[in-house]
Amino acid sequence: MTTKTIAALVVAALTSATSFAQTNQTVAEDFKPSTLNQPGQEYPQVNSQGYARFRIKAPKADSVRVSLGLGGRGGTILTKGDDGFWTGTTAGPMDEGFHYYNVTIDGGKFNDPGALNYYGSIRWESGIEIPAHDQDFYALKAVPHGNVQQILFPSKSTNTSRRAFVYTPPGYEKDKSKQYPVLYLQHGWGEDETAWSNQGHANLIMDNLIAEGKTKPFIIVMTYGMTNEVKFGKIREFKIDPFQTVLVDELIPYVDANFRTLTNRDNRAMAGLSMGGMETKMITLNKPETFGYYGLLSGGVYAPEDLKDKAKPKLVFISCGSKERPDGVKKAATDLKAAGYNAVSYVSDKTAHEFLTWRRSLHELAPLLFN
């Protein structure tokens, strides 16, 4: 994939991360605190229509604006009250699911003191959750739960220890004789190895699917996908080779040595969202003998000529939000099927380049793996 394509993916992430429509509808006054608020904080709030309302104390400020997503669309201008609190409501309902945002006070960028923080857009950003009509699949339920643990693995190529998070499914600790397939799951640009657990709820999605008998239990490994620390505006400097070395030559052997894994190609998958999808495409094409299952979540597509004369994948999964480029995703899967590949496309309804798209995509992908 060219650096021009990489840049296009990043632009899509920056411009599409949050989408809300201008509307003349009456705003329902049934606002409730966001589920991602810090303990005891009443704001930000969301209502039943998907509007968000913010209230921030800054008595000496001259202007306060909330920027939704990775840049948003100009943001929401807050109005100062006599009590020193600034309050404002989005111009329209936001897409369901998780969104990053920050607050600009007199030209300085800050996080909302009422909200929890999540690593995105190369910094810890405030987070807000717009309840989704289908949120049950990633809800915390009374089912057996797996474990997400931090590991530090040696990396000779970068001369440091690197971090990854590993999800092991329910029952992993009990049956010491059982071995598991592994999915290597990559985050997007500006995020890190915490994203799929914190923002994506990957562990809860898996717990629920396993409890329902809809997917085979497997391990998920999530690591930081940047090795040369590309800065904003310098994405064309990104090179896949250093990260490929970390993943294939260092992390995979470490995981296989320290977890009960099935170590052959047919029991190893790679997938990623946005830039993580770009990394997935590059590495799976460079190392087709390493991975048997491929997943691009808002991260480009494969064409039949990409896969020609390489070890044939057992599955190619391609997805995006309906507000992205769904026709391209559908066509790619159709072309791959016509060429004899097991290809599946999925389009998340009424979402853009955002985490509900990727939560839903993982929910669709997981049952298709390792069958």
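Please refer to the structure placed before this passage.
Keep in mind the model is a prediction, meaning the values are calculated, not measured.

I'd like to hear about helix H3 (residues 202-211), residue by residue, with values.
H3 sits mainly inside the fold: nine of its 10 residues count as buried. Within H3 the residues assigned to the buried category are Ala202, Asn203, Leu204, Ile205, Met206, Asp207, Asn208, Leu209 and Ile210. On its buried face, H3 sits against strand S12 (147-155), strand S13 (160-168), strand S14 (182-186), helix H2 (195-198), strand S15 (219-223) and helix H8 (355-365). Two residues or fewer after H3 comes Gly213, characterised by a positive phi angle close to 70°.

Please provide a residue-by-residue account of unusual backbone geometry, values included.
Here Tyr43 and Pro44 are connected by a cis peptide whose omega angle stands at 10°. Mapped onto the secondary structure, Pro44 falls in the loop between strand S1 (32-33) and strand S2 (45-46). Phi angles above zero are rare outside glycine, and Ile122 is one such case at about 60°.

So what about the packing of helix H4 (residues 240-258) against helix H5 (residues 275-286)? Which residues, and what values?
Taken N-terminus to C-terminus, the directions of H4 and H5 make an angle of 70°; their axes are 11 Å apart at the nearest point. When the interaxial angle is binned, H4 and H5 end up roughly perpendicular. Residue-level inspection shows Ile240, Phe243, Gln244, Leu247 and Val248 of H4 in contact with H5, the latter providing Glu279, Met282, Ile283 and Asn286. Split by residue class, the contact of H4 with H5 holds six nonpolar, two polar and one charged.

For the pairing of S13, give the residues involved together with the corresponding values.
Two faces make up the sheet, and in a regular strand the side chains alternate between them. Relative to S13, S12 is paired through nine bridges, and the arrangement is antiparallel. Within S13, the position partnered with Ile151 by the bridge is Ala164. Joining the antiparallel neighbours S12 and S13 is a turn of four residues, in which Asn159 adopts a positive phi near 55°. Both S13 and S15 contribute to a ladder of four bridges, which runs antiparallel.

If you had to explain the side chain of Gln45 to someone new, which residues and values would you point to?
You can see Gln45 is positioned in strand S2. One polar contact links the side chain of Gln45 to the main-chain carbonyl oxygen of Glu42, over a distance of 3.1 Å. In contact with Gln45, other than residues within four places in its own chain, are Phe31, Lys32, Pro33, Ser34, Tyr51, Ala52, Arg53 and Ile128.

Could you give an account of the sheet that holds strand S6 (residues 79-80), with specific residues and numbers?
Read across the sheet, five strands follow the order S1-S2-S3-S7-S6 without closing on themselves; strand pairing throughout is antiparallel. At either margin of the open sheet sits one strand with a lone partner, and together these are S1 and S6. Pairing geometry for S2 and strand S3 (residues 52-57), over two bridges, is antiparallel. Bridged to Gln45 within S3 is Arg53.

Any details on the side chain of Asn267? Residues and values, ideally.
Here Asn267 shows up in the loop between H4 and strand S16 (268-273). Its relative accessible area of 15% is what places Asn267 among the buried residues. Within polar-contact distance, the side chain of Asn267 engages the side chain of Asn264 at 2.7 Å. Non-local contacts of Asn267, meaning those with residues more than four positions away in its chain, are made with Pro181, Val182, Leu262 and Phe370.

A description of the nonpolar core should follow, citing residues and the corresponding values.
One finds Tyr184, Val221, Leu251 and Phe291 to be the most contacted residues of the largest nonpolar core, which totals 43 residues. In terms of residue count, H4 provides more of this core than any other element does, eight residues in total. If you look at the next biggest cluster of nonpolar residues, it comprises 37 residues, including Tyr293, Leu315, Trp358 and Ala366.

Explain the pattern of salt bridges to me, and be specific about the residues and the numbers.
Applying the stated criterion across every chain yields a total of 16 salt bridges. One salt bridge connects Lys323 with Asp95, and the closest N-O pair in it is separated by 2.6 Å. Here Lys323 is found in the loop between strand S18 (315-321) and helix H7 (326-338), whereas its partner Asp95 is found in the loop between strand S7 (85-89) and strand S8 (97-105), with 228 residues between them in sequence. Under the relative-accessibility criterion, Lys323 is labelled partly exposed at 42%. Classification of Asp95 by relative accessible area gives buried; the value is 6%. Beyond isolated ion pairs, a larger network of salt bridges with shared partners links Asp136, Lys141, Glu212 and Lys214.

Any chance you could break down the packing of aromatic side chains for me, citing the residues and the numbers?
One pair of aromatic rings is described through two measures. These are the centre distance and the angle between the planes. Within this structure, the stated rule accounts for 14 aromatic pairs. For the ring pair Phe98 and Tyr100, a centre distance of 4.9 Å and an interplane angle of 90° mean the geometry is edge-to-face. For Phe98, a relative accessible area of 3% corresponds to the buried category. Given the relative accessible area of 6%, Tyr100 is considered buried. Chaining the aromatic ring pairs together yields one cluster made of Phe98, Tyr100, Tyr118, Trp196, Phe355 and Trp358. One cation-aromatic arrangement involves Arg53 over Phe31; the distance from NZ or CZ to the ring centre is 4.0 Å. A cation over an aromatic ring shows up here: Arg359 above the ring of Tyr138, its NZ or CZ 4.4 Å from the ring centre.

Scoring rules and cut-offs
Counting restarts for each chain, with residues numbered from 1 along the sequence as it is written. In keeping with the predicted nature of the model, local features appear solely for residues at pLDDT of at least 70, side-chain atom pairs appear and are counted solely at 80 or more, and the whole-chain, interface and lining totals rest on all residues. Side-chain descriptors were evaluated using all non-hydrogen atoms of the structure, hydrogens and water having been removed beforehand. Under the scheme applied here, a residue whose accessible area is under 20% of the maximum for its type counts as buried, over 50% as exposed, and between as partly exposed, the area being computed with a 1.4 Å probe on protein chains only. A run of H or I in DSSP becomes a helix once it reaches four residues, and a run of E becomes a strand once it reaches two; helices and strands are each numbered from the N terminus. By the convention used here, residues are in contact when the closest approach between their heavy atoms is within 4.5 Å. Note on method: axes are straight lines fitted to C-alpha atoms, helices fitted across the in-contact stretch only, with angles between N-to-C directions ranging 0 to 180 degrees. Just so you know how the angles are binned, under 35 degrees is roughly parallel, over 145 roughly antiparallel, 65 to 115 roughly perpendicular, and the rest oblique. In the scheme used here, Gly and all other residues not listed as nonpolar or charged are polar, with Ala, Val, Leu, Ile, Met, Phe, Trp, Tyr, Cys and Pro taken as nonpolar and Asp, Glu, Lys and Arg as charged. Any two strands with at least two DSSP-identified bridges between them are counted as paired. Counting of polar contacts relies on pairs of N or O atoms within 3.5 Å, with two restrictions inside protein: one atom must be capable of donating a hydrogen and the other of accepting it, and residues adjacent in sequence are counted only when both atoms are side-chain atoms. Nonpolar cores were defined as sets of buried Ala, Val, Leu, Ile, Met, Phe, Trp, Tyr and Cys residues, with membership established by side-chain atoms within 4.5 Å. Each reported salt bridge corresponds to a side-chain nitrogen of Lys or Arg within 4 Å of a carboxyl oxygen of Asp or Glu. Aromatic rings from Phe, Tyr and Trp, with only the six-membered ring used for Trp, were paired whenever their centres fell within 6.5 Å, and each pair was classed as stacked if the ring planes differed by under 30 degrees, edge-to-face if by over 60, and tilted otherwise. In this analysis the charged atom, NZ for Lys or CZ for Arg, is taken to sit over a ring once it is within 6 Å of the ring centre and within 35 degrees of the ring normal.

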